[in-house]
Amino acid sequence: MKKLVKMKTVEKLGILVLMTVTLLFTSCSETEQIDESLAAADKSVELAGICQDSCTFDEPLTDADIEGLLLMREEEKLAHDVYMHFYGLYSQQLFLNIANSEQNHMDAVLALLDGYGIEDPALEGGGEFSNEELGSLYSSLIDQGSAGLVEALKVGATIEDLDIADLQNLLAETENTDIIRVYENLLQGSENHMRGFVRNLEVLGETYTPQFISVEEFETILAASNSQGYGVGGQGMGNGRQGYGQGGYRNGQNK
């Protein structure tokens, strides 16, 4: 009888160990798949949009051009700061990967600002913005993404969704080839990041619904392959600038 009880105990321990190993393997696999997916989405845009020696800085600038550059400088900072916050919160490499790319995007816009003698609006502190609306949006997104990893990934998709819509609208408004060159590369980077966040959500059994671009365009982006950041993207689609709405998000969403 004692021998039977001992055998049953061993069997139970064996099952418990197997379940633990299975759980650990599953969790690790999901994390690894997220990281790998995002790395693939991110690696092609490490230098996206950097002017280097290709920008002339001698073309005419409109008031809309200047306003757009100021917005994009801080909007890229918004993305960077949010992703860095979530990296600290969840210790997921994916957020650091994307934040590093966003830093490159910030640098690209800064190169335009410096080249055209425009004062940089970006503040040094994380989560601090000259644009009060972006500051409010930052707080809202941090609150949303602090609820869990899934919500943080949805915040990431939301930021890229907004970034894509703004870049499309700004491309439609400008004739400055320096700006077009940088915005087109930033647009490709944002599309790559959007694919990364959405596919990572799918790994966790979740979905994302676009809020700023049309569903049709969203599906087209997801169906495309990651770009190299040097193509001819950015077709200037959109119906003009949209204002901020409730909770820091924008009204007049392009559905």
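Going by the structure above, here's the rest.
Residues numbered from 1 in each chain as written. Predicted model: local features only at pLDDT ≥ 70, side-chain atom pairs only at ≥ 80, totals over all residues. Heavy atoms only, no water.

With that out of the way, let us pick up the packing of aromatic side chains. Evaluation of the coordinates by the stated rule reveals eight aromatic pairs. Seen in terms of ring centroids, Phe 95 and Phe 197 are 6.4 Å apart; in terms of plane orientation they differ by 35°. Their pairing is tilted. One end of the pair, Phe 95, is in helix 3 (residues 93-115); the other, Phe 197, is in helix 6 (residues 177-203), with 102 residues separating them in the sequence. Each member of the pair, Phe 95 together with Phe 197, is buried. Through a chain of ring-to-ring contacts, three or more aromatic side chains come together here, namely Tyr 83, Phe 86, Tyr 90, Phe 95 and Phe 197. (Phe/Tyr/Trp six-rings, centres within 6.5 Å; stacked < 30°, edge-to-face > 60°. Helix = DSSP H or I, 4+ residues; strand = E, 2+ residues; numbered from the N terminus. Buried < 20%, exposed > 50% of the residue type's maximum accessible area, 1.4 Å probe, protein only.)

Taken as a whole and judged by the stated rule, the model has two cavities of 30 Å³ or more. Counted as a void, the largest cavity has a volume near 40 Å³. For the lining of the largest cavity, the secondary structure elements donating two or more residues are helix 2 (63-90), helix 5 (149-173) and helix 6. Ranked by residues supplied to the lining of the largest cavity, first place goes to helix 2 with three residues. (1 Å grid on protein atoms, 1.4 Å probe; cavity = no way out; pocket = protein on both sides within 12 Å on 5 of 7 lines; lining within 4 Å. Points joined across faces, edges and corners; volume = space filled by probe spheres on them.)

Below, the discussion takes up the nonpolar core. By size, the foremost hydrophobic cluster in this structure holds 51 residues, and its most contacted members are Val 82 and Tyr 83. Take this core: its biggest share by element is 11 residues, from helix 5. (Core = buried A, V, L, I, M, F, W, Y, C linked by side-chain atoms within 4.5 Å.)

Every α-helical turn comprises 3.6 residues, leaving residues that sit three or four positions apart pointing alike. In this model, helix 2 (28 residues) spans 41 Å end to end at C-alpha, consistent with the 40 Å of a helix rising 1.5 Å per residue. A positive backbone phi angle near 55° is found at Ser 91, which sits one or two residues after helix 2. (Expected span 1.5 Å × (residues − 1).)

Moving on, we come to helix 4 (residues 132-145). When the terminal C-alpha atoms of helix 4 are compared, their 20 Å separation across 14 residues agrees well with the 20 Å that a helix rising 1.5 Å per residue should span. Turning to helix 4, the residues buried within the fold contact helix 2 and helix 5. Measuring from the side-chain oxygen of the N-cap residue of helix 4 to the backbone nitrogen of Glu 133 gives 2.9 Å; that N-cap residue is Asn 131. (Contact = heavy atoms within 4.5 Å. Polar contact = N/O pair within 3.5 Å; in protein donor to acceptor, adjacent residues only side chain to side chain.)

Our next topic: the packing of helix 3 against helix 6. The interhelical angle for the contact between helix 3 and helix 6, taken along N-to-C directions, is 170°, at an axis separation of 10 Å. The pairing of helix 3 with helix 6 is recorded here as roughly antiparallel in orientation. Contacts between helix 3 and helix 6 involve Leu 94, Phe 95, Ile 98, Ser 101, Glu 102, His 105, Ala 108, Val 109 and Leu 112 on the former and, on the latter, Asp 178, Ile 179, Val 182, Leu 186, Gly 189, Ser 190, His 193 and Phe 197. Split into classes, the residues belonging to the contact of helix 3 with helix 6 amount to 10 nonpolar, five polar and two charged. (Axes fitted to C-alpha atoms, helices over the stretch in contact; angles between N-to-C directions. Parallel < 35°, antiparallel > 145°, perpendicular 65-115°, else oblique. Nonpolar A, V, L, I, M, F, W, Y, C, P; charged D, E, K, R; others polar.)

Looking now at the pattern of salt bridges. Across all of its chains, the model carries four salt bridges by this definition. Lys 77 is the salt-bridge partner of Asp 81, the closest N and O atoms lying 2.6 Å from each other. Taken as a pair, Asp 81 and Lys 77 lie in helix 2 at a separation of four residues, close to a single helical turn. For Asp 81, a relative accessible area of 8% corresponds to the buried category. The buried category is assigned to Lys 77, whose relative accessible area is 3%. Glu 206 is the partner of Lys 154 in a salt bridge, and the nearest nitrogen-oxygen pair spans 3.7 Å. Here Lys 154 is found in helix 5, whereas its partner Glu 206 is found in the loop between helix 6 and helix 7 (215-223), with 52 residues between them in sequence. By relative accessible area, which is 29% here, Glu 206 ends up partly exposed. (Salt bridge = Lys/Arg side-chain N within 4 Å of Asp/Glu carboxyl O.)

Let's shift gears to the packing of helix 2 against helix 3. As a packed pair, helix 2 and helix 3 sit with axes 8 Å apart at the nearest point and diverge in direction by 160°. With respect to their mutual orientation, helix 2 and helix 3 come out roughly antiparallel. For the crossing formed where helix 2 meets helix 3, the hand is left-handed. A class-by-class count of the residues in the contact of helix 2 with helix 3 yields 18 nonpolar, four polar and five charged. (Left-handed = near helix turned anticlockwise from the far one by under 90°.)

Keep in mind these values describe shape, not function.
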